[in-house]
Amino acid sequence: MKGIFITIEGPDGAGKTSVIKQLLPMLEETIQQEIVATREPGGSRIAEEIRELILNPENTEMDARTEALLYAAGRRQHLVEKILPALETDKLVICDRFVDSSLAYQGAARGLGVHEVAEINQFATDNLSPDLTLYLDIEAHLGLERINQNKKTRQFDRLDQETLEFHEKVRSAYLEIAKNHVERIVQIDASQELGTVVEQCYQTIIKRLKK
């Protein structure tokens, strides 16, 4: 494939959405390549319907394995409908979350096993891996404080109901994943001012593109 695949990861409250919103126009002004911004779960019609099912706060009885399989199913549909066509036509794809999220949330925090969830997603993605991942790191309690402060402007979903312990497990898993994939993952301190985080993300992407 000719395109470049970049993912942005982080625990809840890391500010991924805000970072991407400011990052995109900066990249569009700088690089010649067409940019496709997307998200997971979701990103395509069918995948967005799966997203609604997963994140609906009323679905409290959802089994952890069901959740993991739904994420993988939505990811597969998103991949074939949007990500792969973009990469095959030389576009730069920036995706809010990808497989690393499933490893952290379902594999570690839900206790299903990182290896087991990785296998499900290897099947779903045909082993596709991002060229670069920006991991926005923030302590769990700070991330949850941000979520509580932005309740009026942020959609409350099923994962927001989870305990601090759950979100601490998510962060620990992310840190372990980042440590094991230093060739792909660049860690950025998301507790900094938004402008600083955006600039660090921008410089990291530009540096990687030059390579």
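All values reported here derive from a predicted model rather than from experimental measurement.

With respect to the element layout, Ile54 can be found in helix α2 (residues 45-55). Along the primary structure Ile54 and Gly13 are separated by 41 residues, whereas in three dimensions their C-alpha atoms are 19 Å apart. Beyond its immediate chain neighbours, meaning those up to four positions away, Ile54 contacts Pro41, Met62, Glu67, Leu70, Tyr71 and Arg158.

Further remarks concern the pattern of salt bridges. The final tally for this structure, using the stated rule, is 10 salt bridges. One salt bridge in this structure joins Glu49 and Arg45, with 3.2 Å as the shortest N-O distance. Of this pair, Glu49 and Arg45 both sit in helix α2, four residues apart, which is roughly one turn of that helix. Taking the shortest distance from any N to any O, the salt bridge between Arg110 and Glu162 comes out at 2.8 Å. Here the residue Arg110 occupies a position in the loop between α4 (99-109) and α5 (114-125), and Glu162 occupies one in the loop between α6 (140-149) and α7 (164-180), the gap between them amounting to 52 residues. On the basis of relative accessibility, which here comes to 22%, the residue Arg110 falls in the partly exposed class. Judged by relative accessible area, Glu162 falls into the partly exposed class, the value being 25%. Here the residues in one salt-bridge network are Glu67, Arg110 and Glu162, joined through shared partners.

A few words on the sheet that holds strand β1 (residues 4-9). One open sheet accounts for five strands, arranged β2-β3-β1-β4-β5; its pairing is parallel. In this open sheet, the two strands that pair with only one neighbour each are β2 (35-39) and β5 (185-189). Direction aside, the axes of adjacent strands within the sheet are offset by 20° on average. With five bridges connecting them, β2 and strand β3 (residues 92-96) associate as parallel partners. Bridged to Arg39 within β3 is Asp96.

Conventions used here
- Residues numbered from 1 in each chain as written.
- Predicted model: local features only at pLDDT ≥ 70, side-chain atom pairs only at ≥ 80, totals over all residues.
- Heavy atoms only, no water.
- Helix = DSSP H or I, 4+ residues; strand = E, 2+ residues; numbered from the N terminus.
- Contact = heavy atoms within 4.5 Å.
- Salt bridge = Lys/Arg side-chain N within 4 Å of Asp/Glu carboxyl O.
- Buried < 20%, exposed > 50% of the residue type's maximum accessible area, 1.4 Å probe, protein only.
- Pairing = 2+ DSSP bridges.
- Axes fitted to C-alpha atoms, helices over the stretch in contact; angles between N-to-C directions.

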